[in-house]
Amino acid sequence: MRVVTTAQPLDVQPTPLALLLLGREADPKSERGVECPGDLPAPSDPDLVERARAAKAKLGDKVFVLGHHYQRDEVIEFADVTGDSFKLARDAAARPDAEYIVFCGVHFMAESADILTGDDQQVILPDLAAGCSMADMATAEQVAECWDVLTDAGIAEQVVPVSYMNSSADIKAFTGKHGGTICTSSNAKRALDWAFEQGEKVLFLPDQHLGRNTAVRDMGLSLDDCVVYNPHKPNGGLTAEQLRAAKMILWRGHCSVHGRFSLESVEDVRKRIPDVNVLVHPECKHEVVAAADYVGSTEYIIKALEAAPRGSKWAIGTELNLVRRLANRFAAEDKEIVFLDKTVCFCSTMNRIDLPHLVWTLESLAAGKVVNRIEVDKETESFAKLALERMLALP
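Residues numbered from 1 in each chain as written. Predicted model: local features only at pLDDT ≥ 70, side-chain atom pairs only at ≥ 80, totals over all residues. Heavy atoms only, no water.

## A closer look at the pairing of strand 9 (residues 248-251)
Line of reasoning, step 1. Burial along strand 9 is two-sided: M248 and L250 facing one way and I249 and W251 facing the other are all buried.
Line of reasoning, step 2. Sheet topology note: the strand 7 (residues 201-205)/strand 9 ladder contains three bridges and is parallel. Among the inter-strand pairings, F204 is bridged to a residue of strand 9, identified as L250.
Line of reasoning, step 3. Relative to strand 9, strand 8 (residues 226-229) runs parallel, the two being bridged by four bridges. Within strand 9, the residue paired with Y229 across the bridge is W251. (Buried < 20%, exposed > 50% of the residue type's maximum accessible area, 1.4 Å probe, protein only. Helix = DSSP H or I, 4+ residues; strand = E, 2+ residues; numbered from the N terminus. Pairing = 2+ DSSP bridges.)

Structure representation (structure tokens):
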């Protein structure tokens, strides 16, 4: 006998954004679906390196090229400075004479650079499709709705928003408008300490793992002090009582790269490599961070390996381009550096910035044509800058 059951409706709401086709449509409030540039040199062009050098030399001091640590080696070669997202934005602001800032990173990083640089400077992203899946997990509309939920629960006045640097300009502006601050993976504890001096609760956007790891590992809060707000569920999937009891309201977002590392990855590498040191980024899941030997930002990871003794062994839980570069850099010192997971995992959007896109950008600028300019509107910029300045003022 065949039994037919009636499916129960899922307690989930659709994302309020339409599905956009990458390279064909765009949404100004999102990093998804942006248009891609057209006439690029062929990736197999053997003259690409020389063309990049020639265009950069022609531009001279007019151009300043920033390279994020997760970029490909062939792109990093042409960077004037390398670093994490916030360091690069500050480096751009420290070069007021550069007419063009070419940001080899992703969209939210270029936005931050535009916010912190002068009005006479132009920030360019070589491929507009280089977005960030984490940044897209919190849209302005979703966060505004979340604030309404907090207001209905009677706790909005007690909540201070703290937004990770890896967020859109809209989310940074929301944070600034509501009395909050921005943080990086290296100063998240300082930002949370400051926030809890201003209010009783924190809304942490958009990476739940960095918020949870900082609160529990670095500040002594418990996992029970944390709740996860899911923007795809009514009221975030939380009751008013849960919101009132929580100290950390974590947005349900994550890094697609760091979220792949698992406790099994840590256990496996310890079996394969005796005496290995496990060093991971705080965007990893809580159980991975708890099982690691060391936890820190991208800059922390680099400095830790620089200071490591000869012959030491390291398994690194962060983006593969950086891990490979570090492994090659320290091979002469007999430091064994491996990727934490067996599965190869590049940051797919960061890798959209390749040599053909960079050559196209530099040659266009050398010919007097500005392409792919990233420009934040003035109102958004003012509130986002306010949030960034609060971070800069942290003790």
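From this point, things continue past the structure.
## Description of the confidence of the model for the protein chain
Line of reasoning, step 1. The pLDDT averaged across the protein chain works out to 90; a share of 90% of its residues lies at or above 70.
Line of reasoning, step 2. Across residues 1-15 the pLDDT falls below 50, and counting only partners more than four positions away or on other chains, this stretch makes ten contacts in the model. (pLDDT = per-residue confidence, 0-100. Contact = heavy atoms within 4.5 Å.)

## Re helix 4 (residues 107-116)
Line of reasoning, step 1. Of all ten residues in helix 4, ten are buried; the element is thus mostly enclosed.
Line of reasoning, step 2. Those residues of helix 4 that sit buried are H107, F108, M109, A110, E111, S112, A113, D114, I115 and L116.

## Some details on the packing of helix 4 against helix 15 (residues 378-392)
Line of reasoning, step 1. Where helix 4 meets helix 15, the closest approach of the two axes is 10 Å, and the angle between their N-to-C directions is 90°. The angle between helix 4 and helix 15 places the two elements in the roughly perpendicular class. Note on element contacts: helix 15 touches helix 4 through E381, A384, K385 and L388, opposite D114, I115 and L116.
Line of reasoning, step 2. Tallied by class, residues from the contact of helix 4 with helix 15 come to four nonpolar, no polar and three charged. (Axes fitted to C-alpha atoms, helices over the stretch in contact; angles between N-to-C directions. Parallel < 35°, antiparallel > 145°, perpendicular 65-115°, else oblique. Nonpolar A, V, L, I, M, F, W, Y, C, P; charged D, E, K, R; others polar.)

## Some remarks on the packing of aromatic side chains
Line of reasoning, step 1. All told, the structure shown has four aromatic pairs when counted by the stated rule.
Line of reasoning, step 2. Note on F261 and F339: the rings are 5.4 Å apart at their centroids and 65° apart in plane angle, and the pair reads as edge-to-face. Linking F261 in the loop between strand 9 and helix 10 (263-272) with F339 in strand 13 (residues 336-339), this pair joins segments that are 78 residues apart in sequence. Both residues of the pair, F261 and F339, count as buried.
Line of reasoning, step 3. Ring geometry for Y294 versus W314: centroids 5.6 Å apart, planes at 40°, classification tilted. One end of the pair, Y294, is in strand 11 (residues 294-295); the other, W314, is in strand 12 (residues 313-317), and 20 residues separate them in sequence.
Line of reasoning, step 4. Relative accessible area serves as the criterion here: at 6%, W314 is assigned to the buried category.
Line of reasoning, step 5. The lysine or arginine in question, K177, covers the ring of F383, its NZ or CZ lying 4.9 Å from the ring centre. (Phe/Tyr/Trp six-rings, centres within 6.5 Å; stacked < 30°, edge-to-face > 60°. Lys NZ or Arg CZ within 6 Å of the ring centre and 35° of its normal.)

## Considering the sheet that holds strand 10 (residues 277-280)
Line of reasoning, step 1. Sheet architecture is open: four strands sit in the order 11-10-12-13, paired in parallel fashion. Every other strand in the sheet has two partners, leaving strand 11 and strand 13 as the edge strands with one partner each.
Line of reasoning, step 2. Here four bridges tie strand 10 to strand 12, and the two strands are oriented parallel to one another. Looking at strand 12, one finds that L279 is bridged to I316.
Line of reasoning, step 3. Its contacts with the sheet put helix 13 (residues 320-329) on strand 12 and strand 13, and the angle it makes with strand 13 is roughly 165°.

## So, the sheet that holds strand 3 (residues 100-104)
Line of reasoning, step 1. Reading across the sheet, the five strands line up as 2-1-3-4-14 and stay open at both edges, with mixed pairing between neighbours. Taken across any chain shown, the strands that pair with only one partner, and hence form the sheet edges, are strand 2 (81-83) and strand 14 (373-374).
Line of reasoning, step 2. Pairing analysis gives five bridges linking strand 1 (residues 63-68) to strand 3, with the strands arranged parallel. Paired with L66 across the two strands is F103, which belongs to strand 3.

## So, the environment of L362
Line of reasoning, step 1. Secondary-structure assignment places L362 in helix 14 (residues 355-366).
Line of reasoning, step 2. Looking at L362, the relative accessible area reads 0%, which means it is buried.
Line of reasoning, step 3. Sequence separation of L362 and I124 is 238 residues, and the distance between their C-alpha atoms is 9.9 Å.
Line of reasoning, step 4. If we ignore the near neighbours within four places in the chain, the residues touching L362 are A52, A55, K56, L59, V63, V65 and V102.

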